Amino acid sequence: MSLAKKISLASIVIYFFLNGEPKAEELKIDVCKPTHTLEDALVNRKNIIGNCRYVIDISLEEHTLYFYGNGALLTSGVISSPRIKGDKKSGGDGKIKYGAFKLHQFEKREPEKFGYGFIRIDFSSLGFHGFGLHGTPLVQSLGFDASRGCIRTENEIIRYIVQETGENLKDTLIIIKP
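Since this is a predicted model, take the numbers as computed values, not measurements.

What counts and how
Residues numbered from 1 in each chain as written. Predicted model: local features only at pLDDT ≥ 70, side-chain atom pairs only at ≥ 80, totals over all residues. Heavy atoms only, no water. Helix = DSSP H or I, 4+ residues; strand = E, 2+ residues; numbered from the N terminus. Buried < 20%, exposed > 50% of the residue type's maximum accessible area, 1.4 Å probe, protein only. Contact = heavy atoms within 4.5 Å. Areas by Shrake-Rupley, 256 points an atom, 1.4 Å probe, with all protein chains shown as cover. Salt bridge = Lys/Arg side-chain N within 4 Å of Asp/Glu carboxyl O. Pairing = 2+ DSSP bridges. 1 Å grid on protein atoms, 1.4 Å probe; cavity = no way out; pocket = protein on both sides within 12 Å on 5 of 7 lines; lining within 4 Å. Points joined across faces, edges and corners; volume = space filled by probe spheres on them. Nonpolar A, V, L, I, M, F, W, Y, C, P; charged D, E, K, R; others polar.

Enquirer: Is there a simple way to think about the overall build of the protein in this case?
Expert: What the protein contains, in helices and strands, is 6 helices and 9 strands. A burial count over the protein gives 43% of its 178 residues as buried. The long-range fraction of contacts in the protein, counting pairs at least 24 apart against all pairs at least 6 apart in sequence, stands at 53%. A total of about 9700 Å² of accessible surface is found on the protein, and carbon and sulfur atoms cover 55% of it.

Enquirer: I would appreciate a short explanation of the pattern of salt bridges in the present structure.
Expert: Two side chains bearing opposite charge may form a pair once their charged atoms approach each other closely. Counting across every chain of the model gives 8 salt bridges. Residue Lys88 pairs with Asp93 through a salt bridge whose shortest N-O separation is 2.7 Å. Owing to a relative accessible area of 17%, Asp93 belongs among the buried residues under this scheme. Two residues, Arg109 and Glu107, come together in a salt bridge whose shortest N-O distance is 3.3 Å. Within this structure, Arg45, Asp57 and Lys177 form a network of salt bridges that share partners.

Enquirer: How should the pairing of strand β3 (residues 72-82) be read in this particular structure?
Expert: Along any regular strand the residues' side chains alternate between the sheet's two faces. As defined by bridge partners, strand β2 (residues 64-69) adjoins β3 across 6 bridges and the pair is classed as antiparallel. Pairing of Leu65 across the sheet is with Gly77, part of β3. The antiparallel hairpin formed by β2 and β3 contains 2 residues in its connecting segment, where Asn70 sits at a positive phi of about 50°. Relative to strand β7 (residues 145-147), β3 is paired through 2 bridges, and the arrangement is parallel. Residue pairing in the sheet places Pro82 in a bridge with Ser147 of β7.

Enquirer: Sorry if this is basic, but what is going on with the layout of surface pockets here?
Expert: A water-sized probe rolled over the atoms picks out the places where empty space is left. Taken as a whole, the largest pocket encloses approximately 300 Å³ of empty space. Around the largest pocket, the lining comprises 14 residues; the ones closest to its centre are Lys113, Phe114, His134, Arg148 and Arg152. Of the residues forming the lining of the largest pocket, the biggest block, 3 residues, is contributed by helix α5 (residues 111-114). Looking at the lining of the largest pocket residue by residue, the classes come out as 5 nonpolar, 5 polar and 4 charged.

Enquirer: How do you make sense of the environment of Arg159 when you look at a structure like this?
Expert: Considering the arrangement of structural elements, one finds Arg159 in helix α6 (residues 155-165). Relative accessible area serves as the criterion here: at 27%, Arg159 is assigned to the partly exposed category.

Written as structure tokens, this is what we have:
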């Protein structure tokens with residue numbers, strides 16, 4: 001263990017001894033950052049949901065989306081997950097990356113493809129672009145593995161997320177798990 005880690009751990013022990021358990025506000029700085037790994041996202045899932053302002057929790061296997069605000073469930077719905085299973089390894093493989101990421105931006109795009117619109121997920125540090133969460137005119141595809149790499153959901157859920165988060169869209173964390 002490095003000296004920096006030993007000092008850091010000693011500081012935490014002293015903090016707990018002097019101050020007791022830290023308040024939720026003190027934890028927000030660390031748990032609300034994107035982790036980029038599924039393991040970190042799963043280990044910290046409850047802290048992430050409980051302490052971040054907005055969180056979208058996606059289960060590809062269960063085809064579900066849960067949208068939380070300040071730890072409370074705001075809405076939930078059914079999704080379409082990618083047809084090809086597995087963690088994204090390269091562009092064009094038809095998969096989506098597992099882990100915790102920030103949302104990047106909302107785009108009004110062709111309604112015949114993206115329904116209400118497209119919320120881009122920030123995978124840029126991993127070298128992936130063009131993937132996101134979007135509405136769909138193909139509501140019959142919801143609940144199935146039907147997309148080419150994105151996550152589809154009901155148009156009203158996309159509208160609600162965009163309206164609820166407003167200027168805080170980029171601060172919204174999305175957890176994507178198999």
